[in-house]
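Reading the structure
Each chain, written out:
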Amino acid sequence: MKKALITGITGQDGSYLADLLLSKGYKVYGLKRRTATENYENVKHIKDEIDFLSGDLRDLTSLTEAVKIAKPDEVYNLAAQSYVGDSWKQPIYTGEVTGLGVTNMLEAIRLSNLNARFYQASSSEMFGKVVETPQTEKTPFYPRSPYGVAKVYGHWITVNYRESFNLFACSGILFNHESPRRGIEFVTRKVTDAVAKIKLGIQNELRLGNLDAKRDWGFAGDYVEAMWKMLQQDDPDDYVIATGETHTVKEWVQTAFNYVGLKWENYVIADPKFFRPAEVDLLIGNPQKAKGQLDWEPKVSFKNLIEMMVEEDLKRNSKK
Ligand code: NDP
Ligand code: GDR
């Protein structure tokens, strides 16, 4: 039986990856940080099948201990301060968790002398300012937020450990991916939740920032398959994971409101609070390398993804 250690197991991707690995017969260990109010929402359906280990990416001792207990064949490092907007408010913390935390995890593996394979959750936010489109594994990075800067560090330290210590370490450069388990502060889920609440008469407006930003949005369930596939290859490498399509935030908003038969212009209010000090204007990834080498393809379309999320939010909010 293969063993995997997932950091960030309570997050969106951690929960989908745990579903996938359990379905493949893995023993799954999940690193979970201590919080005053426990939140198992995303993993409540598989809580009894996961071995939770207490730890924090900033605390090497806890990571070393987790690796010692789990003796993993594969480590998926998904934990991060992942909200770009807050990374300006907490730049040092973001650097410590999202950047240096990667080195802590790599050190815990290196010092264990286990032959564990490593996956790093890198991000299209590393591309930041448009240098070329579509973005590929070879596009230079130009991050536009403390989060993006921290992810660039995490990416290069992963490459460096691969080249220095011969570690089987892969960096997945994933473009935005969403799902009904997406955190409520991210624009996609914020919109689908608001659309459901407006439709149900619980809310009457939606305050948003920049509607012109363009993102390459896919479904999280499809993207965790790519993570797993990377660690099954003969050689470690880095891959862009994306749909190859881009849409504005406005299109996301319009499609979500249309789905419930409402006009978005009647509800959306521009609020300066949600504009960022520096914006990433356009992301569109080229997933050709992943298609060719991993035999990976996204399955859920932009429209189906939005409909899936609105449907779930309608159900969730009807129960309240
Ligand atoms: P989430 O924000 O949903 O999940 C983040 C996870 O990290 C949570 O489980 C959180 O725990 C945990 N975490 C936060 N800080 C720490 C810490 N100091 N020590 C240990 N655990 C911690 O993110 P996603 O699932 O959306 O993303 C997964 C990873 O992929 C992240 O690294 C993200 O930056 C990256 N990424 C995401 C993309 C996306 O579109 N979703 C695209 C590209 C990259 P808790 O529940 O306690 O908060
Ligand atoms: P992003 O996701 O920054 O791309 O990072 P987010 O959904 O936060 O923003 C996407 C775009 O929408 C604009 N926007 C708003 N964003 C939020 N959150 N709230 C608003 O009210 C709002 N109005 C407009 C933003 O300015 C931005 O242009 C996500 C995270 O999951 C990262 O961890 C991951 O690395 C990247 O995707 C790829």
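On a predicted model such as this, the values are computed, not experimentally measured, just so you know.

Concerning the site of ligand 2
- Of all residues adjacent to ligand 2, which total 22 residues, the nearest are Val84, Ser123, Val187, Gly209 and Ala213.
- Counting residues per element, the shell around ligand 2 draws most heavily on helix 5 (residues 187–199), at three residues.
- Looking at the shell around ligand 2 residue by residue, the classes come out as eight nonpolar, eight polar and six charged.

As for the domain arrangement of the chain
- Domain boundaries in the chain define domain 1 (3–177 + 217–241) and domain 2 (181–215 + 246–281 + 301–319).
- Measuring from the centre of the C-alpha atoms in domain 1 to the corresponding centre in domain 2 gives 27 Å.
- Contacts between domain 1 and domain 2 engage 14 residues on the former and 15 residues on the latter.
- In the side of domain 1 that touches domain 2, the residues fall into five nonpolar, seven polar and two charged.

What about the site of ligand 1?
- Every one of the 27 residues lining ligand 1 counts as a neighbour, but Gly8, Gly11, Ala79, Ala80 and Ala121 are closest to it.
- Looking at the shell around ligand 1, the elements that each hand over two or more residues are helix 1 (12–23) and strand 5 (117–123).
- The leading source of residues in the shell around ligand 1 is helix 1, at three residues.
- Tallied by class, residues from the shell around ligand 1 come to nine nonpolar, 14 polar and four charged.

Thresholds applied
- Residues numbered from 1 in each chain as written.
- Chains lettered and ligands numbered in written order.
- Predicted model: local features only at pLDDT ≥ 70, side-chain atom pairs only at ≥ 80, totals over all residues.
- Near = placed C-beta within 6 Å.
- Helix = DSSP H or I, 4+ residues; strand = E, 2+ residues; numbered from the N terminus.
- Nonpolar A, V, L, I, M, F, W, Y, C, P; charged D, E, K, R; others polar.
- Domains from an automatic or database assignment.
- Contact = placed C-beta atoms within 7 Å.

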